[in-house]
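A closer look at the structure
Here is what each chain is made of, one letter per residue.
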Amino acid sequence: MGDLRRRGVVALGVTALVAPLTLAIGATPAQAASCTTSAGPYQKKVEKFLGRPADGKQSAADCKAIRAFQNKHGIRPNIGYAGPVTWGVMNLMNKQKAVGKNPNKAGKCPTNKGRIACVDLTLQLSWIQDGKKLVYGPVPVRTGRNGYETRTGLKKVYWRNKNHVSTIYDVPMPYSQFFDGGQAFHSVGVSMWNPPGSHGCVNMTSTAAKKYWSLLKKGDDVYVYGRKPGT
């Protein structure tokens with residue numbers, strides 16, 4: 001994370017490559033860019049998610065569809081293999097969709113704090129509620145990867161900087177709202193499902209980050225709970 005001795009320093013949720021699948025170990029860059037003919041362990045599930053015939057057999061059309069999904073969300077290796085990382089992203093999307101408009105059904109985010117931003121690490125979702133009333137969301141977010149986990153607990157927005165630039169990475173972090181040391185809500189230009197995650201911040205789309213900026217203010221509560229898959 002950031003150097004907490006300096007106000008506003010934060011580690012950007014930059015993209016990092018996941019560990020290559022066994023299939024791609026030793027492959028050259030040219031080979032890694034090729035479309036695999038091998039069916040993966042999650043072939044049927046991935047095919048069904050993509051609306052393909054779920055026969056468990058890899059076809060050229062299957063591989064093309066899987067690669068398009070991998071490229072869209074920054075999943076590597078992007079060879080069209082229906083492996084655990086690709087299915088993990090799809091499975092998370094299914095779980096997020098199932099939440100609908102009742103993200104706090106289990107009552108884990110406090111309803112006695114008034115306006116509060118909730119972050120469910122397990123489902124990689126965030127929303128703003130006022131008491132039991134849902135104000136905005138839920139929206140998918142991208143939180144800290146293994147070793148850089150977004151810290152859990154009740155916090156408060158303590159500093160906001162609309163045009164913040166990371167002093168560590170010298171990259172823009174628009175609509176930053178800091179709530180725990182160097183950890184903040186802010187927008188990024190990568191997919192919310194881009195593995196393995198941020199360096200601790202709660203990454204958001206530009207649309208969501210702008211909405212959070214308009215709805216939250218300094219002193220508002222933030223509650224982070226759960227555990228991000230893979231950490």
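All values reported here derive from a predicted model rather than from experimental measurement. (Residues numbered from 1 in each chain as written. Predicted model: local features only at pLDDT ≥ 70, side-chain atom pairs only at ≥ 80, totals over all residues. Heavy atoms only, no water.)

The next thing to look at is the confidence of the model for the protein chain. Detailed reading of the predicted model is not advised wherever pLDDT is low. The share of residues in the protein chain with pLDDT of 70 or more is 86%, and the mean pLDDT across the chain is 88. Taken as a whole, residues 1–32 scores under 50 in pLDDT and shows 81 contacts with residues more than four places along the chain or in a different chain. (pLDDT = per-residue confidence, 0-100. Contact = heavy atoms within 4.5 Å.)

Within the element layout of this structure, Gln 96 appears in helix α4 (residues 84–99). Among the residues examined, Gln 96 registers a relative accessible area of 10% and is labelled buried. Among the polar contacts made by the side chain of Gln 96, one reaches the main-chain carbonyl oxygen of Gln 124 at a distance of 3.1 Å. Of note is the side chain of Gln 96, whose polar atom sits 2.8 Å from the side chain of Trp 193. Each residue touching Gln 96, except ones within four places of it in the same chain, is listed here: Leu 123, Gln 124, Leu 125, Pro 140 and Trp 193. (Helix = DSSP H or I, 4+ residues; strand = E, 2+ residues; numbered from the N terminus. Buried < 20%, exposed > 50% of the residue type's maximum accessible area, 1.4 Å probe, protein only. Polar contact = N/O pair within 3.5 Å; in protein donor to acceptor, adjacent residues only side chain to side chain.)

Its place among the elements puts Leu 216 in the loop between α5 (206–215) and β9 (221–225). C-alpha of Leu 216 to C-alpha of Ala 117: the two residues are 99 residues apart in sequence and 8.0 Å apart in space. The contacts of Leu 216, once residues within four sequence positions are left out, are Arg 115, Ala 117, Ile 128, Val 157, Arg 160, Gln 177 and Phe 185.

Applying the stated criterion across every chain, the model contains six salt bridges. Of the charged contacts, one joins Asp 62 and Arg 52 as a salt bridge, the two residues approaching to 2.8 Å between their closest N and O atoms. With Asp 62 in helix α3 (residues 60–72) and Arg 52 in the loop between α2 (43–49) and α3, this pair connects stretches of sequence that are 10 residues apart. The exposure class assigned to Asp 62 is buried, which follows from its relative accessible area of 3%. In this structure, Asp 130 engages Arg 115 in a salt bridge whose closest nitrogen and oxygen atoms are separated by 4.0 Å. In this pair, Asp 130 is assigned in strand β2 (residues 125–130) and Arg 115 in strand β1 (residues 115–120), connecting sequence segments 15 residues apart. Under the relative-accessibility criterion, Asp 130 is labelled partly exposed at 34%. Salt bridges sharing partners connect three or more residues here, namely Arg 151, Lys 155 and Asp 180. (Salt bridge = Lys/Arg side-chain N within 4 Å of Asp/Glu carboxyl O.)

Summarising burial for strand β6 (residues 172–180): seven of the nine residues are buried, a large majority. Across six bridges, strand β5 (residues 159–165) lies against β6 in antiparallel orientation. By the bridge assignment for β6, Asn 163 is matched with Pro 174. Between β5 and β6, which follow one another and run antiparallel, lie six residues, and Asp 170 among them has a positive phi close to 55 degrees. Here β6 pairs with strand β7 (residues 183–187) via three bridges, running antiparallel. Pairing of Gln 177 across the sheet is with Phe 185, part of β7. (Pairing = 2+ DSSP bridges.)

Mapped onto the elements of the fold, Ser 187 is located in strand β7. Owing to a relative accessible area of 7%, Ser 187 belongs among the buried residues under this scheme. A sequence separation of 15 residues divides Ser 187 from Pro 172, and the C-alpha atoms of the two residues are 9.1 Å apart. With sequence-adjacent residues up to four places away left out, Ser 187 is seen in contact with Pro 174, Met 204, Thr 205, Ser 206 and Ala 209.

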